[in-house]
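Descriptive structure summary
As a plain string of letters, each chain reads:
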Amino acid sequence: MPYTLLKKFVYYPLRSRIAVADRFLFTHPFKLAGSYPPWTYPRTLGIALTRNCNLSCFMCRSPEAKGEDLDFDNLVKLEPAIRHAEIIEFCGEGESLGYRRIEDTLEFIYSLNHRIRLLRIFTNGTTLSRSMAVLLSGRVHYMRISLNAATPETYHLVTRKGNLGITIGCIEDFLSALDEPDRSRIYLHFVASTVNYQEIPLFVELSCKLGIRHVSVGNIEISRKVHECYSLLNIQDEYDETIVRARKTARHLGILLEARSFADDRGSGGAANNCEMLYNAFVELDGGISPCNNSGRYRIGNVYKDEFEEAWFCAEYVALRRNQYMPACDSCIYHMPLSDEAAHFTCHFKDAPR
């Protein structure tokens, strides 16, 4: 049978049946021999480790956050979810790799979950080193290093206290201890605003010099009204022209650039159907659990005060997965065109009391 016919009559129908069965198991949880089956736990488990950060970037929602770390003993309460997760993401507002017990955390996770390519990490790059590369070797599913600048002056302006040369040195040491499969999973990220957008083409060149083949560009998401002046909504044409130049540079250097523009106007707008985020769980420092990082202040139970299963399999979470909808879906930035004003404001800004 030709390959195209094989896909049409065998692969796609089979994949469709698997998807239907998969959704049914998530929306009709049951126990086998007194336990929930492994495949009914979150596919992606996000764990907030800290709100501390050694930088003070103006675009962060809480740039001055200090003194809030995860109580390490609470990790034990996530044991079943850690054991069965396909991806574990270090999430939250702080620098996760700077968490004071990051080595113990990784050791605990590895003892429960032996999957390779398990970790999804977002970092500012300042905590990277050769020793960190050894700890993460073979385990990184995806790492995004946010530099948000290509020159020392702009980097210091954005971070308020950072030194680009020192940070790049940390990244270079880290990369030098990784093999090629690991390096291929590293992205250099740029949060674009009115302050730094002109450096995006230079940023692509910097990525090439570092040997990082993937660059992603995202728009600043406004969390405080005083920051509206930084929004790309104020410089739509200028930003689009910069992206055109950056794409040309990326093609010339062989860099894979992921960057939207206003001219692209991608996205359908409004709520997304069958969003996989509803099969995930993101745990805040206080134990509050949410279905995605775009759910704002919406929480379902507390996994540090109660058993993980009490929240994950509760009626409210099951109904959420069954209906494939929550109010935050109506203003989800991931399914909006860049030209939509709502795509430039965080979910926390949108659901804040007025």
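So, here's what we can say about the structure.

What about the overall build of the protein?
Regarding its fold elements, the protein presents twelve helices and nine strands. Buried positions account for 50% of the 354 residues belonging to the protein. With an accessible surface of roughly 17000 Å², the protein has 53% of that area assigned to carbon and sulfur atoms.

Some words on the environment of Arg-120
Counting through the fold element by element, Arg-120 comes out in strand β3 (residues 119–123). Put simply, Arg-120 and Val-140 are 20 residues apart on the chain and 6.4 Å apart in space, counted from C-alpha to C-alpha. For Arg-120, the contacting residues outside a window of four places in its chain are Thr-44, Ile-87, Ile-88, Glu-89, Phe-90, His-141 and Tyr-142. Side chain to side chain, Arg-120 and Glu-89 meet in a polar contact 3.0 Å long.

Let's talk about the packing of helix α8 (residues 200–210) against helix α9 (residues 236–253)
One way to put it is that α8 packs onto α9 with a least axis distance of 8 Å and a crossing angle of 25°. Comparing the axis directions of α8 and α9 gives the class roughly parallel. Of the two possible hands of crossing, α8 and α9 adopt the one that is right-handed. In contact with Ile-200, Pro-201, Val-204, Glu-205 and Cys-208 of α8, α9 contributes Tyr-239, Thr-242, Ile-243, Arg-245, Ala-246, Thr-249, Ala-250 and Leu-253. Class assignment of the residues belonging to the contact of α8 with α9 gives a composition of nine nonpolar, two polar and two charged.

Focus: helix α3 (residues 102–112)
All buried positions along α3 are accounted for by Ile-102, Thr-105, Leu-106, Phe-108, Ile-109, Tyr-110 and Leu-112. Close packing links the buried residues of α3 with α2 (79–84), β2 (87–91), β3 and α4 (130–136).

Remarks on the nonpolar core
Most often, soluble globular proteins keep nonpolar side chains buried together rather than apart. Formed by 95 residues in total, the largest nonpolar core has its most connected members in Ile-47, Ile-82, Leu-136, Met-143, Phe-174, Tyr-239 and Phe-308. Of the residues forming this core, the biggest block, six residues, is contributed by α3. When residues no more than four places from it in sequence are discounted, the contact partners of Phe-308 are Tyr-41, Pro-42, Leu-45, Lys-77, Leu-78, Ala-81, Ala-281, Ile-289 and Val-303.

Things to note about the packing of aromatic side chains
Inspection of the entire model under this criterion finds ten aromatic pairs. The interplanar angle of 45° and the centroid separation of 4.5 Å between the aromatic rings of Phe-58 and Tyr-230 together place this pair among those described as tilted. Note that Phe-58 is positioned in the loop between β1 (44–48) and α2 and Tyr-230 in the loop between β6 (214–219) and α9, a separation of 172 residues in sequence. Tyr-230 sits in the partly exposed class, given a relative accessible area of 24%. Here the aromatic residues Tyr-36, Tyr-41, Phe-308, Trp-312, Phe-313 and Tyr-317 are joined through ring pairs into a cluster of three or more. Taking the ring centre of Phe-72 as reference, the NZ or CZ of Arg-101 above it sits at 3.9 Å. Lying across the ring of Tyr-110, Arg-139 places its NZ or CZ 4.0 Å from the centre.

Concerning α8
Buried within α8 are the following residues: Ile-200, Pro-201, Phe-203, Val-204, Leu-206, Ser-207 and Leu-210. In this structure, the buried residues of α8 make contact with α6 (164–176), β5 (186–192), β6, α9 and β7 (256–259).

Parameters at a glance
Residues numbered from 1 in each chain as written. Predicted model: local features only at pLDDT ≥ 70, side-chain atom pairs only at ≥ 80, totals over all residues. Heavy atoms only, no water. Helix = DSSP H or I, 4+ residues; strand = E, 2+ residues; numbered from the N terminus. Buried < 20%, exposed > 50% of the residue type's maximum accessible area, 1.4 Å probe, protein only. Areas by Shrake-Rupley, 256 points an atom, 1.4 Å probe, with all protein chains shown as cover. Contact = heavy atoms within 4.5 Å. Polar contact = N/O pair within 3.5 Å; in protein donor to acceptor, adjacent residues only side chain to side chain. Axes fitted to C-alpha atoms, helices over the stretch in contact; angles between N-to-C directions. Parallel < 35°, antiparallel > 145°, perpendicular 65-115°, else oblique. Left-handed = near helix turned anticlockwise from the far one by under 90°. Nonpolar A, V, L, I, M, F, W, Y, C, P; charged D, E, K, R; others polar. Core = buried A, V, L, I, M, F, W, Y, C linked by side-chain atoms within 4.5 Å. Phe/Tyr/Trp six-rings, centres within 6.5 Å; stacked < 30°, edge-to-face > 60°. Lys NZ or Arg CZ within 6 Å of the ring centre and 35° of its normal.

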